[in-house]
Number of protein chains: 2
Amino acid sequence: MAQNDTVTRILDTAEVLFAERGFAETSLRHITSKARVNLAAVNYHFGSKKSLIQAVFARYLDPFTERFHDVLDELERRYQGDVIPLEVLLDSMARTVLEVPAERNSLKVFMRLLGLAYSQAQGHLRRYIQEHYGSVFTRFSSLVRQATPDLPDAERFWRLHFVLGTVIFTLSGLDALRDIAEKDYGEHVSVRELVDRLRPVVVAAMQAPLPSAEANHFPTAS
Amino acid sequence: MAQNDTVTRILDTAEVLFAERGFAETSLRHITSKARVNLAAVNYHFGSKKSLIQAVFARYLDPFTERFHDVLDELERRYQGDVIPLEVLLDSMARTVLEVPAERNSLKVFMRLLGLAYSQAQGHLRRYIQEHYGSVFTRFSSLVRQATPDLPDAERFWRLHFVLGTVIFTLSGLDALRDIAEKDYGEHVSVRELVDRLRPVVVAAMQAPLPSAEANHFPTAS
DNA sequence: CCACGTTTCAAACAAATGTTTATAATATAA
DNA sequence: TTATATTATAAACATTTGTTTGAAACGTGG
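The structure presented is a predicted model; accordingly, all values stated were derived computationally and were not measured. Note that residues are indexed from 1 along each chain, following the sequence as it is written. Here the convention is simple: chains get letters from A, ligands get numbers from 1, in the order in which they are written. Side-chain atom pairs in this predicted model are given and counted only at pLDDT of 80 or more, local residue features only at pLDDT of at least 70, and totals for whole chains, interfaces and linings cover all residues. Side-chain metrics rest on all non-hydrogen atoms present in the structure, leaving aside hydrogens and water.

## Considering the overall build of chain A
Numbering of helices and strands starts at the N terminus; helices are DSSP runs of H or I of at least 4 residues and strands are runs of E of at least 2. When helices and strands are tallied, chain A shows 10 helices and zero strands. Beginning at the N terminus, the succession of helices and strands in chain A can be written as α-α-α-α-α-α-α-α-α-α. Taken over the C-alpha atoms alone, chain A extends approximately 60 × 45 × 40 Å along its principal axes. We call a residue buried when its accessible area falls under 20% of the maximum for its residue type, exposed when it is over 50%, and partly exposed in between, using a 1.4 Å probe and counting protein chains only. For chain A, the residues scored as buried account for 50% of the 222 residues in total. Contacts are assigned to residue pairs that have any heavy atoms within 4.5 Å of one another. In chain A, the share of contacts with a sequence separation of at least 24, taken over all contacts with a separation of at least 6, comes to 71%. The protein chains shown are the only cover counted for residues, whose accessible areas, like all others here, come from Shrake-Rupley with a 1.4 Å probe. Accessible surface, chain A: about 10,400 Å² in total, of which carbon and sulfur atoms supply 52%.

## Here's the deal with helix α6 (residues 107-119) of chain A
Helix span is expected to be 1.5 Å times the residue number reduced by one. Along its 13 residues, α6(A) runs 18 Å from first to last C-alpha, staying within 8% of the 18 Å computed at 1.5 Å per residue. Where α6(A) is concerned, the buried positions are L107(A), V109(A), F110(A), M111(A), R112(A), L113(A), L114(A), G115(A), L116(A), A117(A) and S119(A).

## Description of the environment of T26(B)
Residue and element names in this part refer to chain B. Relative to the helices and strands, T26 resides in the loop between α1 (2-21) and α2 (28-34). Considered as a pair, T26 and V109 are 83 residues apart in the sequence and their alpha carbons are 15 Å apart. When neighbours within four sequence positions are excluded, T26 is seen to be in contact with L17, F18, R21, I31 and K49. Distance and chemistry together define a polar contact, namely a pair of N or O atoms within 3.5 Å, with one atom able to donate a hydrogen and the other to accept it when in protein, and with adjacent residues in sequence counting only for side-chain atoms on both sides. Of note is the side chain of T26, whose polar atom sits 3.3 Å from the backbone oxygen of L17.

## With respect to unusual backbone geometry
A positive phi angle, close to 55°, is found at R36(A), a residue other than glycine. The residue R36(A) is located in the loop between α2 (28-34) and α3 (40-46) in this model.

## Here we look at the nonpolar core
Only buried residues count toward a nonpolar core, which is a set of Ala, Val, Leu, Ile, Met, Phe, Trp, Tyr and Cys residues joined through side-chain atoms within 4.5 Å. Counting 146 residues, the largest nonpolar core has L52(A) and L52(B) as the members making the most contacts within it. Not counting chain neighbours up to four residues away, the residues in contact with L52(B) comprise I10(B), L11(B), A14(B), F18(B), L28(B), I31(B), V42(B) and F46(B).

## Side note on the pattern of salt bridges
Residue and element names in this part refer to chain A. A carboxyl oxygen of Asp or Glu within 4 Å of a side-chain nitrogen of Lys or Arg is what we treat as a salt bridge. If you walk through the whole model with that rule in mind, you get 30 salt bridges over all chains. Taking the shortest distance from any N to any O, the salt bridge between R159 and E155 comes out at 3.0 Å. Here the residue R159 and the residue E155 both occupy positions in helix α8 (residues 153-172), the gap between them amounting to four residues, near one helical turn. On the accessibility criterion, R159 (0% relative accessible area) is buried. Judged by its relative accessible area of 2%, E155 falls in the buried class. Within the structure, one salt-bridge network assembled from shared partners comprises D12, E15 and R59.

## Details of the relation of the copies chain B and chain A
Note that the two copies of the chain are related through a rotation about an axis and a translation along the same axis. Expressed as a screw operation, the relation of chain B to chain A combines 0.0 Å of axial shift with a rotation of 180°, fitting to an RMSD of 0.0 Å. These values place the two chain copies in the arrangement generated by a two-fold rotation axis. Alignment of copies: least-squares fit on C-alpha atoms of residues with pLDDT of at least 70 in both copies.

## Quick look at the packing of aromatic side chains
All names here are of chain B. Stacked, edge-to-face and tilted labels apply to pairs of Phe, Tyr and Trp rings (six-membered ring for Trp) whose centres lie within 6.5 Å, assigned for plane angles under 30 degrees, over 60, and everything in between, in that order. Tallied over the entire structure, the rule returns 16 aromatic pairs over all chains. Summarising the aromatic geometry, the rings of F18 and F23 are spaced 5.1 Å apart at their centres and angled 65° between planes, so their arrangement reads as edge-to-face. Overall, the relative accessible area of 1% leaves F23 in the buried class. The interplanar angle of 85° and the centroid separation of 5.1 Å between the aromatic rings of F157 and W158 together place this pair among those described as edge-to-face. F157 gets classed as buried once you look at its relative accessible area, which sits at 8%.

## With respect to the interface of chain B and chain A
Contacts between the two partners involve 65 residues from chain B and, on the opposite side, 65 residues from chain A. Summed over both partners, the accessible surface that disappears when two parts come together, traced with a 1.4 Å probe, is what is meant by buried area. In total, chain B and chain A occlude about 6,000 Å² of area from one another, counting both sides; carbon and sulfur atoms represent 68% of this. Joining chain B to chain A, the criterion identifies two salt bridges. A salt bridge links R197(B) to E155(A); the nearest nitrogen and oxygen atoms lie 2.4 Å apart. Connecting chain B to chain A are five residue pairs in polar contact (both at pLDDT 80 or more). For the side of chain B that touches chain A, the secondary structure elements donating two or more residues are α1, α5 (86-102), α6 (107-119), α8 (153-172), α9 (174-185) and α10 (191-206) of chain B. It is α8(B) that provides the largest number of residues to the side of chain B that touches chain A, a total of 14 residues. Residue polarity is assigned by list, with Asp, Glu, Lys and Arg as charged and Ala, Val, Leu, Ile, Met, Phe, Trp, Tyr, Cys and Pro as nonpolar; anything else, Gly included, falls into the polar class. Grouping the constituent residues of the side of chain B that touches chain A by class yields 37 nonpolar, 12 polar and 16 charged.

## Points about the side chain of H161(B)
In this structure, H161(B) sits in helix α8. In this structure H161(B) comes out as buried when scored by relative accessible area, which is 6%. For H161(B), the contacting residues outside a window of four places in its chain are F169(A), T170(A) and L177(A).

## Looking at helix α4 (residues 49-79) of chain A
Residues and elements named next belong to chain A. Taking 1.5 Å per residue, 31 residues should reach 45 Å; α4 reaches 44 Å between its end C-alpha atoms and fits that length. Note on bend: the value at a residue is the angle between axes fitted to the seven residues ending there and to the seven starting there. Maximum bend of α4: about 35°, positioned at A58. For α4, the set of buried residues is L52, I53, V56, F57, A58, Y60, L61, F64, T65, F68, L72 and L75. Positive phi shows up at Q80, right after α4, with a value of about 40°.

The structure is reproduced here in structure tokens:
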């Protein structure tokens, strides 16, 4: 009870501060004071700051992977051998990404953390995520492969990362972008609207024509 | 001579370490020792670590903005009142982005720094970049507006950031992605090839159909 | 009630950080 | 050369960092 309360309060506070300022820029003292918890509690319950960071991710990614596996199971059952259309796959992933953190209304935090996981150095984090959650991405990739048989493997690999970049970049910087958009266009965009804007863009990106061999008159570097 | 040498060596070393590890994770001692320069030299020549970070960016962005303004001048001259096609605008920007750091063969560093500027908290950096280099982006945006008259303003705003996310995300994480791609598909991609892959995707993203009002059966959050 | 394992807490620790200072070295100009 | 400004250097400074420690408080089962 008391333990669970402390642990939860640390995680709740840590994920917000991490999302706002990054990992290195967030001190344990900042977390524990804001969480009204003793400084030593972090090392007592989590062992180290690294482990706390991983625990913050696990609290999002564990339910996500479980749920996403279920969703993919359901899709494979429903399409029974037929290829699952690309739009269905993308929508399913988006729906799962949105549903999981919605319970704590913290999608913004989740996406920001994902963005940090990619951009921050934090080698241990990338390794942790890869080891623990790489399988579900592999499964998704192979389904996307069946849905886009015309795409060369390498092309599909890069395009998946292209759209991944779009989504993570946009949603992780959502607050800043939303402020600009609101100031310039007066309208307040909800996450739902943003996803609706993203959908056709992502689909078009995946279905774009293959690069032509000509017209490559670019300077090269590295 | 000696000054310039020290200043340059600090900048050269700092940009590499910043790109590899981020700002907070890179200590001045790490920079100065690797640059074979006295620790106090940073504060002597730059004043503070913050100013060093900004100087690292300025060394890329100053030539970039100058050159990009020239390119846009040339385009407006050539098209003389006619709207500049979207592909031309995008290609021109890409060419400028590639050319500027190519002189020091450090495109990778440049893109990684751009990615960090977005993802890291570092409020001072975002402000600095916005103040010093916001105008050229505004100019580019208004040209894109003329090239895509059918897009609602808000839609164009968001799509520009979508593709910005794709490019920055991909090129800033290039090394990691390249390793995976190389391992999985055996082929080593050059930056040039990657840009050629990006081109049709970016164009398709900007020209994707507008989001349909129906088919929005998504859970909402925030 | 007591004993024992768990959790909290204040304090201290060692290490690392950005910055400053005082002095030495060096270049520059008269 | 000499006087002067500029740059380099080593050392110290004040904070801040993550982590550890040992005792206190707490809860739980016997």
